[in-house]
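Results of the structural survey
Chain by chain, the residues:
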Amino acid sequence: MRFMLMLWLALVVGAASAFAVTPDEVLDDPALETRARALSANLRCMVCQNESIDESNAPLAKDLRLLVRERLVAGDTDAQVLDYLVGRYGEFVLLKPRFAAHTLFLWAAPPLALLAGIVGIAIVLRRRKSELNTVSAPPLSADEQARLDALLKRDKTD
Amino acid sequence: MIVELGHYALVLAFALTLIQSVVPVWGAVRENERLMAVAPPVSIAMFFLVLLSFTALTIAYLNSDFSVQNVWENSHSAKPLVYKITGVWGNHEGSLLLWALILVFFGALVGYFGTNLPAPLRAATLGVQGWVTAGFLLFMLSTSNPFNRIPNPPAEGNDLNPLLQDIGLAIHPPLLYVGYVGFSITFSFAVAALILGRIDAAWARWVRPWTLLAWCFLTLGISMGSYWAYYELGWGGWWFWDPVENASFMPWLAGTALLHSAIVMEKRDALKVWTILLAIFTFSLSLLGTFLVRSGVLTSVHAFATDPARGVFILVLLCLFIGGSLSLFAWRAPLLKQGGLFAPISREGALVFNNLFLTAACAAVLVGTLYPLALDAVTGEKISVGPPFFNLTFGPLMIPLLMAVPYGPILAWKRGDLLAASQRLYAAFGLSILLTLFTFWLWGMEKVLAPLGVGLAVWVMAGAVAEIVTRVKLTEVGLARGFARLKGLPGSAWGTATAHFGIGVTALGIVASSAFQEEKVLTMAPGDTVNVSGYAVTFDGAAPRQGPNYIEDVGHFTVRQAGVVIAELDPSKRLYPARQMPTTEAGIHTLILSQIYVSLGEPRDTGAIDVRIYYKPLITLIWIGTLFMALGAVFSMADRRLRVGAPKPAARRKAVPQAAPAE
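Residues numbered from 1 in each chain as written. Chains lettered and ligands numbered in written order. Predicted model: local features only at pLDDT ≥ 70, side-chain atom pairs only at ≥ 80, totals over all residues. Heavy atoms only, no water.

Points about the overall build of chain A
This is how the line gets drawn: Helix numbers and strand numbers start at the N terminus; a helix is a DSSP run of H or I with at least 4 residues, a strand a run of E with at least 2. Remark: exposure states derive from per-residue accessible area (1.4 Å probe, protein chains only) relative to the maximum for the residue type, with buried under 20%, exposed over 50%, and partly exposed in between. Contacts: residue pairs with any heavy atoms within 4.5 Å of one another. In this description, accessible areas are obtained by the Shrake-Rupley approach with a 1.4 Å probe, and a residue is regarded as covered only by the protein chains that are shown.
Helices and strands together make up the secondary structure of chain A, namely 6 helices and 0 strands. Taken from the N to the C terminus, the helices and strands of chain A come in the order α-α-α-α-α-α. Counting only residues that meet the buried cut, chain A has 42% of its 158 residues in that class. Contacts in chain A between residues at least 24 apart in sequence constitute 52% of all its contacts with a sequence separation of at least 6. Accessible surface computed for chain A: about 8,600 Å², of which carbon and sulfur atoms make up 62%.

Comments concerning the overall build of chain B
When you go through chain B residue by residue, the secondary structure sums to 24 helices and 10 strands. Viewed in the frame of its principal axes, chain B has a C-alpha envelope of about 85 × 75 × 55 Å. Here chain B holds 663 residues, and the buried ones make up 59% of them. Here the contacts in chain B between residues at least 6 apart in sequence split such that 73% fall between residues at least 24 apart.

Remarks on the sheet that holds strand β8 (residues 587-591) of chain B
Residues and elements named next belong to chain B. Inclusion rule: Strand pairing is assigned whenever DSSP identifies at least 2 bridges connecting the two strands. Here, axes are lines fitted to C-alpha atoms. For helices the fit covers the stretch in contact, and angles between N-to-C directions go from 0 to 180 degrees.
Ordered by their spatial adjacency, 4 strands build an open sheet running β1-β10-β9-β8, and the pairing between neighbours is antiparallel. The open sheet terminates on both sides in strands that have one partner only, identified here as β1 (518-524) and β8. Taken over all neighbouring pairs, the strand axes of this sheet differ in orientation by 15° on average, direction set aside. Sheet topology places β8 next to strand β9 (residues 594-603); 5 bridges connect them, and they run antiparallel. By the bridge assignment for β9, Thr-590 is matched with Gln-595.

Here's the deal with unusual backbone geometry
Residue and element names in this part refer to chain B. Backbone geometry places Asp-269, a non-glycine residue, at a positive phi of 60°. Tracing the backbone through its elements, the reader meets Asp-269 in the loop between α10 (243-268) and α11 (272-295). For Ala-562, which is not a glycine, the phi torsion comes out positive at approximately 50°. As for its position among the elements, Ala-562 is in the loop between β4 (551-561) and β5 (564-569). Taking relative accessible area as the criterion, Ala-562 reaches 79% and is therefore assigned exposed.

Topic: helix α1 (residues 2-30) of chain B
Using the following cut-off: Here a helix's expected span is defined as the number of its residues, less one, multiplied by 1.5 Å.
Its 29 residues place the ends of α1 of chain B 42 Å apart at the C-alpha level, agreeing with the 42 Å of an ideal helix rising 1.5 Å per residue. Backbone geometry just downstream of α1 of chain B places Glu-31 of chain B in the positive-phi region, at approximately 55°.

Here's the deal with a nonpolar patch on the surface
Residue and element names in this part refer to chain A. Put simply, the rule is: A residue counts toward a patch only above 30% relative accessible area and without a salt bridge, and it is joined to like-charged neighbours within 9 Å or, for Val, Leu, Ile, Met, Phe, Trp and Tyr, to nonpolar neighbours within 5 Å. Any carboxyl oxygen of Asp or Glu that lies within 4 Å of a side-chain nitrogen of Lys or Arg is treated as forming a salt bridge with it.
The grouping of Leu-112, Leu-115, Val-119 and Ile-123 at the surface amounts to a nonpolar patch, some 360 Å² of accessible area in total. Along the polypeptide, Ile-123 turns up in helix α5 (residues 104-136). For Ile-123, a relative accessible area of 47% puts it in the partly exposed group.

Notes on the state of the cysteines
All names here are of chain B. The following threshold applies: Defined by distance alone, a disulfide is two cysteine sulfur atoms within 2.5 Å.
This structure, assessed with the given rule, holds 0 disulfides over all chains. Free of any disulfide, Cys-216 has its nearest cysteine sulfur in Cys-362, 20 Å distant. Cys-319 provides the cysteine sulfur closest to Cys-362, a residue in no disulfide bond, and the two sulfurs are 18 Å apart.

Comments concerning the nonpolar core
Residues and elements named next belong to chain B. We apply this condition: Residue types Ala, Val, Leu, Ile, Met, Phe, Trp, Tyr and Cys, when buried and joined through side-chain atoms within 4.5 Å, form a set referred to as a nonpolar core.
Counting 149 residues, the largest nonpolar core has Phe-189, Trp-203 and Ile-276 as the members making the most contacts within it. With 15 residues, helix α8 (residues 167-196) is the single largest residue contributor to this core. Apart from the residues lying within four places of it in its own chain, the contact partners of Trp-203 are Leu-121, Phe-189, Ala-190, Ala-193, Met-265, Thr-275 and Ile-276. Counting 26 residues, the second largest nonpolar core, distinct from the first, contains Ile-410, Val-454, Leu-456 and Ala-507.

Observations regarding the packing of aromatic side chains
Quick reminder of the rule: Stacked, tilted and edge-to-face pairs are distinguished by plane angle, under 30 degrees for stacked and over 60 for edge-to-face with tilted covering the rest, among Phe, Tyr and Trp rings (Trp via its six-membered ring) whose centres lie within 6.5 Å. The rule for a charge over a ring is simple: NZ of Lys or CZ of Arg within 6 Å of the ring centre, and within 35 degrees of the ring normal.
This model, assessed by the stated rule, comprises 38 aromatic pairs over all chains. Centre to centre, the rings of Phe-539 of chain B and Phe-557 of chain B are 5.0 Å apart; their planes meet at 35°, and the pair counts as tilted. Residue Phe-539 of chain B is located in strand β3 (residues 535-546), and its partner Phe-557 of chain B is located in strand β4; the two are separated by 18 residues in the primary sequence. As far as the burial class goes, Phe-539 of chain B and Phe-557 of chain B line up, both buried. Each residue in the set Trp-107 of chain A together with Trp-215, Trp-239, Trp-241, Phe-249, Trp-252, Phe-389, Phe-390 and Phe-394 of chain B is aromatic and connected to the rest through ring pairs, giving one cluster. Residue placement shows Arg-71 of chain A over the ring face of Tyr-84 of chain A; its charged tip is 4.2 Å from the ring centre. Directly above the ring of Tyr-614 of chain B sits Lys-616 of chain B, whose terminal nitrogen or CZ lies 4.4 Å from the centroid.

Description of a positive patch on the surface
Just so we agree on the cut-off: Neither His nor the chain termini are counted; the positive set is Lys and Arg, and the negative set is Asp and Glu. Positions of charges follow a simple convention, taking NZ of Lys, CZ of Arg, CG of Asp or CD of Glu.
Together, Arg-424, Lys-473, Arg-481 and Arg-485 of chain B give the surface a local cluster of positive charge. Along the polypeptide, Arg-424 of chain B turns up in helix α17 (residues 418-424).

Side note on α10 of chain B
All names here are of chain B. Just so we agree on the cut-off: Pairing of N or O atoms within 3.5 Å defines a polar contact, subject to two protein rules: one partner must be a possible hydrogen donor and the other a possible acceptor, and residues neighboring in sequence count only if both atoms are side-chain atoms.
Between its terminal C-alpha atoms α10 stretches 37 Å, which fits the 38 Å expected from 26 residues at 1.5 Å a residue. With respect to burial, α10 is a largely interior element, 25 of its 26 residues being buried. Measuring from the backbone nitrogen of Val-244 back to the side-chain oxygen at the start of α10 gives 2.8 Å, which picks out Asp-242 as the cap.

Focus: the environment of Ser-636 of chain B
Residues and elements named next belong to chain B. Position of Ser-636 among the secondary structure elements: in helix α22 (residues 620-637). By relative accessible area, Ser-636 is classed as buried at 6%. Taking the C-alpha atoms as reference points, Ser-636 and Thr-496, 140 residues apart in sequence, are found 7.4 Å from one another.

A short note on the environment of Leu-328 of chain B
All names here are of chain B. Among the structural elements, Leu-328 can be located in helix α13 (residues 308-332). Note on Leu-328: relative accessible area 16%, which makes it buried. What Leu-328 contacts, discounting residues up to four positions off in sequence, is Val-191, Leu-194, Ile-195 and Ala-333.

What about the environment of Asn-70 of chain B?
Residues and elements named next belong to chain B. Mapped onto the elements of the fold, Asn-70 is located in helix α4 (residues 69-74). Considering only alpha carbons, one finds Asn-70 and Val-88, 18 residues apart in sequence, at a separation of 8.7 Å. A distance of 2.7 Å separates polar atoms of two side chains, one belonging to Asn-70 and the other to Tyr-61.

Considerations on the pattern of salt bridges
A full pass over the atoms with the stated rule returns 20 salt bridges over all chains. Of the charged contacts in the structure, one is a salt bridge between Glu-33 of chain A and Arg-69 of chain A, with a shortest N-O distance of 2.9 Å. With Glu-33 of chain A in helix α2 (residues 30-41) and Arg-69 of chain A in helix α3 (residues 59-73), the pair connects residues that are 36 residues apart, well separated along the chain. Here Glu-33 of chain A and Arg-69 of chain A have matching classes, each one buried. When the shortest N-O distance is used, the salt bridge between Arg-574 of chain B and Glu-552 of chain B registers 3.0 Å. Placement of Arg-574 of chain B in strand β6 (residues 572-576) and of Glu-552 of chain B in strand β4 is noted, with a sequence separation of 22 residues between them. Here the salt bridges do not stand alone but share partners, grouping Arg-37 and Asp-54 of chain A together with Glu-519 and Arg-612 of chain B into one network.

As for the confidence of the model for chain A
For clarity, the threshold we go by: pLDDT is a residue-level measure of predictor confidence that goes from 0 to 100.
Per-residue confidence for chain A averages 78 on the pLDDT scale, and 78% of its residues sit at or above 70. No element of chain A has a lower mean pLDDT than helix α1 (residues 2-13) of chain A, at 43, and none a higher one than helix α4 (residues 78-89) of chain A, at 91.

Overview of the packing of helix α3 (residues 39-62) of chain B against helix α7 (residues 119-143) of chain B
The packing of two helices is summarised by the inter-axis angle and the distance between the axes. Residues and elements named next belong to chain B. The criterion, for reference: Helix crossings get a hand from a simple test, with the near helix turned counterclockwise from the far one by less than a right angle marking a left-handed crossing and a clockwise turn marking a right-handed one. Here the term charged refers only to Asp, Glu, Lys and Arg, the term nonpolar to Ala, Val, Leu, Ile, Met, Phe, Trp, Tyr, Cys and Pro, and the term polar to all other amino acids, Gly among them.
The N-to-C vectors of α3 and α7 enclose an angle of 35°; their axes lie 9 Å apart at closest approach. When the axes of α3 and α7 are compared, the crossing they make is left-handed. Residues Ala-39, Pro-40, Ser-43 and Met-46 of α3 form the contact with α7, whose own contacting residues are Arg-122, Ala-123, Leu-126 and Thr-133. Split by residue class, the contact of α3 with α7 holds 5 nonpolar, 2 polar and 1 charged.

Rendered as structure tokens:
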């Protein structure tokens, strides 16, 4: 299937060559640069097929990388940079969707799936146990009951 | 002429699938021997017809017959021979034909070798397989015919997408398809069992080799694709959580769960309903993947609407198969009798635990893949769900699973003893703690999670070794007898241990390469040297070079360690003139398990060039681990009991009446 991904990269972006961050973009302050790289990995190159701006070499991705670094140099916090980009490009730019009403199910689904599985297993186990208890002890026939009574009586008299 | 023959064979094969879909199934329900007997020969005839069709298309590619639209769109007369062949499946129509070929090949295998199956099960399975084949052949003939001609054939073709002109492409799609299609057999078995309303431990034994085979190939296919992207995309990433990748990863997760639940069903006659459901899910996810990839819905939900024929067709097919099989399941599953009680702490319990987490992980991937599409379709809001989401949701689900892996094979069936099992694992646990501390000592406290990840991976690996060691009681009976007993272990035991070991190996590769990699992004002039993790990488210069159907700029790099040359690397940037498309070829040097990875960027006017250099510690373990997993599947398939088969033919049972008085 991955070759289909390649096809898209090729068709949509027109290039999957070279690499993203170019040396002239790199900030002098290593701490800021590290933050820029971390932010870039969470930002989508919007003209690409699911690539972050850190990975893409599309012109738009380069613009966004420069923008991120500009904001960081200007003293923005990480959250402010993200807010700024979302304000400008919409939530589509975030590779990690924000936790909000419209993404509630998205974020809740994995833990819910696990929880549902646990509850399901518990229910099945409990039901099977009770089923087995009833099934494994069929009522005694009159004959069997009489023999059991006789045995028990003999036990008591001993 | 040969092209028309291929086309004709395909139509004929479709006609046969219609017979296959009805006659044997009816025969199986009515227990009519003669109707059931139709299935095996028809399945073999279908295989030869599709093979003929595939051969015809291949010949058209070899002859560069540009009057065939598919060849014209995807080939070029100057293309190297190997890519002329692999180009056959390097496009939508051709890959569908390959898919269909593998589908009927598997059907023919069941038809030819399935003589130890009960006749109704075999007939119904082949019938269901016929439904799947009919759907795909009809899809091809009506919307994606590879044999369409062009009225005025052009003199030269459009060439294959350069990204696909790589040996990786030759291997990757066929591996994936064998995986997907293998799960179609499991699906057919499950649906056949539902139709017949009968399922027992023997069923699991027949299905198991197919599941193992499919899983083995899917594992290799995904791994191969990952390595291919790693060296072809040029920035050192090997997994993107792209929807297209998820499309193949979801069946893998479900298939892994299926592999484990089938064990419980075979050994303990429990989890029947769940195993059937998983078999249906696994193939449904394969179909869903096909839909996602083929319909264009991923690029945009609206692209789906502009060229609807293919998308709608697969969507209908998807609904028919998934909806139909699930309805059948809801209707017939209550007929299946459950057996085999077990305590929560037991081998069965561990396998249920495995299924729980794998299924939840699969659900996480599924929701993450489909949610943006659904949201866009419903509200028009556009969001992206990328790697950070999957790392946050999928990752945590894997941790308890990995922690539990060593316990699974050591716990006893029915009722296990957690304390006794832990005692058998104390060496593995100690080793894991030791290596965690060692990693802390090596890297300090700056990366807290990485040493824990290393510890977890070592725990899984050592646990797999411990399983084998304790199984043969190596420490008690001494080395000589222990080794003798190693030989006597069943294939499935080796399979489990090897595959689990592989999981640990892959995990170690992932943790080490992502946490401890070093990256340098810089502009280098000829003669410049840069130091990456103790290796001095010198850029010697770049020169143009002419390839068979491309031109490239090749950079020459020398890698030295302590002044000694250890490698020369030639990363390049290629341009394929037929499509005016550039690609990068990374220069990679493997140092036992780690790699130095050099990728070229844009050249500067001064003769300097942008370069990205990585040192990726232990990265090859990611793919070596998958080889272990696949090898584990092979060991399990070689297990004697799968070849002997559960059902003994009547004659054989009579031949050895006194041999088994204990029964």
